[in-house]
Amino acid sequence: MNLDYFQLIDRIVDLNLDEKRITVEAQVPAAHTIFEGHFPGFPTMPGVLLTEAMAQSSGWLILGVLKFERMPFLAIVKEAKMRGFVSPGSLLTIEAKLEHEGSGFAVTKAKGRVGKELKCSAEITFGLAPFPDPALRVHMDAMANKIGFPLQAITND
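Residue numbers here run from 1 along each chain, matching the order of that chain's written sequence. Thresholds applied to this predicted model are a pLDDT of at least 70 for local features of residues and 80 or more for the giving and counting of side-chain atom pairs; totals over whole chains, interfaces and linings are not thresholded and use all residues. Here the side-chain values reflect all heavy atoms present in the structure, with hydrogen atoms and water set aside.

What to know about the sheet that holds strand β4 (residues 91-102)
Only strands joined by at least two bridges in the DSSP assignment are considered to pair. Each helix corresponds to a stretch of at least 4 residues labelled H or I by DSSP, and each strand to a stretch of at least 2 residues labelled E; elements are numbered beginning at the N terminus. The sheet built from six strands is open, its strands ordered β1-β2-β4-β5-β6-β3 with antiparallel pairing. Of all the strands in the sheet, the pair left with one neighbour each is β1 (11-16) and β3 (71-82). Ignoring strand direction, the axes of neighbouring strands in this sheet form an average angle of 20 degrees. Pairing of strand β5 (residues 105-114) with strand β6 (residues 117-129) involves 10 bridges; the strand directions are antiparallel. Across the sheet, residue K111 finds its bridge partner in β6, namely S121. Across the sheet, helix α2 (residues 47-65) lies against β1, β2 (21-27), β3, β4, β5 and β6, angled at about 50 degrees from β6, the strand it touches most. To get an axis, a line is fitted to the C-alpha atoms, and for a helix only the part in contact is used. The angle between two axes follows their N-to-C directions and goes from 0 to 180 degrees. Residue contacts are defined here by distance: any two heavy atoms, one from each residue, within 4.5 Å place the two residues in contact.

Listed below in structure tokens is the structure:
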């Protein structure tokens, strides 16, 4: 995770476009200024950042399913549940499944675990739109390469 740049996904572990599922990993930093205030003496990953990590995981899944033709934008977070604390240094594994795509929207369900322990879950809705700027598309392609997005998954039909 690079919290300063809101890059919360470190690598894609598995992308299954047939099943419309993705698994990613995010290494929570062992030390970061965010933990100084959240919470002193009991550092824990903020729930809003766990939700963002689930949204980013879902976003990568949607980009794959749509073959990078449209950009997902967070619209609704529904049924977000924080089920346990995520400590600095933890390896967070997030799984997301695309439940619906159509009419300009996509809906996913995501879960975050540390080891086998469920820590968070949410249903997330995204608006889908053309990339608003060519520079953003170039940036997304670079990020896809950085986190190991399997581009062959969207180019081989």
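Regarding the pairing of β6
With nine bridges connecting them, β3 and β6 associate as antiparallel partners. Within β6, the residue paired with P72 across the bridge is L128. Hairpin connection of β5 to β6: two residues between the antiparallel strands, including G115 at a positive phi of 65 degrees.

Remarks on the pattern of salt bridges
Every case where a carboxyl oxygen of Asp or Glu lies within 4 Å of a side-chain nitrogen of Lys or Arg is listed as a salt bridge. Tallied over the entire structure, the rule returns six salt bridges. In this structure, the salt-bridge partner of K119 is E117, at a minimum N-O distance of 3.1 Å. Whether a residue is buried, partly exposed or exposed follows from its accessible area with a 1.4 Å probe, protein chains only, as a fraction of its type maximum: under 20%, in between, or over 50%, in that order. E117 gets classed as partly exposed once you look at its relative accessible area, which sits at 46%. When the shortest N-O distance is used, the salt bridge between D141 and R137 registers 2.9 Å. Highlighted residues: D141 and R137, both in helix α3 (residues 134-146), separated by four residues, approximately one helical turn. Judged by its relative accessible area of 32%, D141 is partly exposed.

Let's talk about the nonpolar core
By nonpolar core we mean a set of buried residues, namely Ala, Val, Leu, Ile, Met, Phe, Trp, Tyr and Cys, connected to one another through side-chain atoms within 4.5 Å. Within the largest apolar cluster, 43 residues are counted, with the highest numbers of intra-cluster contacts made by M1, I12, I22, M45, W60 and F149. Of all the secondary-structure elements, those providing two or more residues to this core are β1, β2, α2, β4, β5, β6 and α3. The leading source of residues in this core is α2, at nine residues. Beyond its immediate sequence surroundings of up to four residues, W60 is in contact with I9, I12, I22, F68, M140, M143, A144, I147 and F149.

Treat this as a map of the structure, not an account of what it does.
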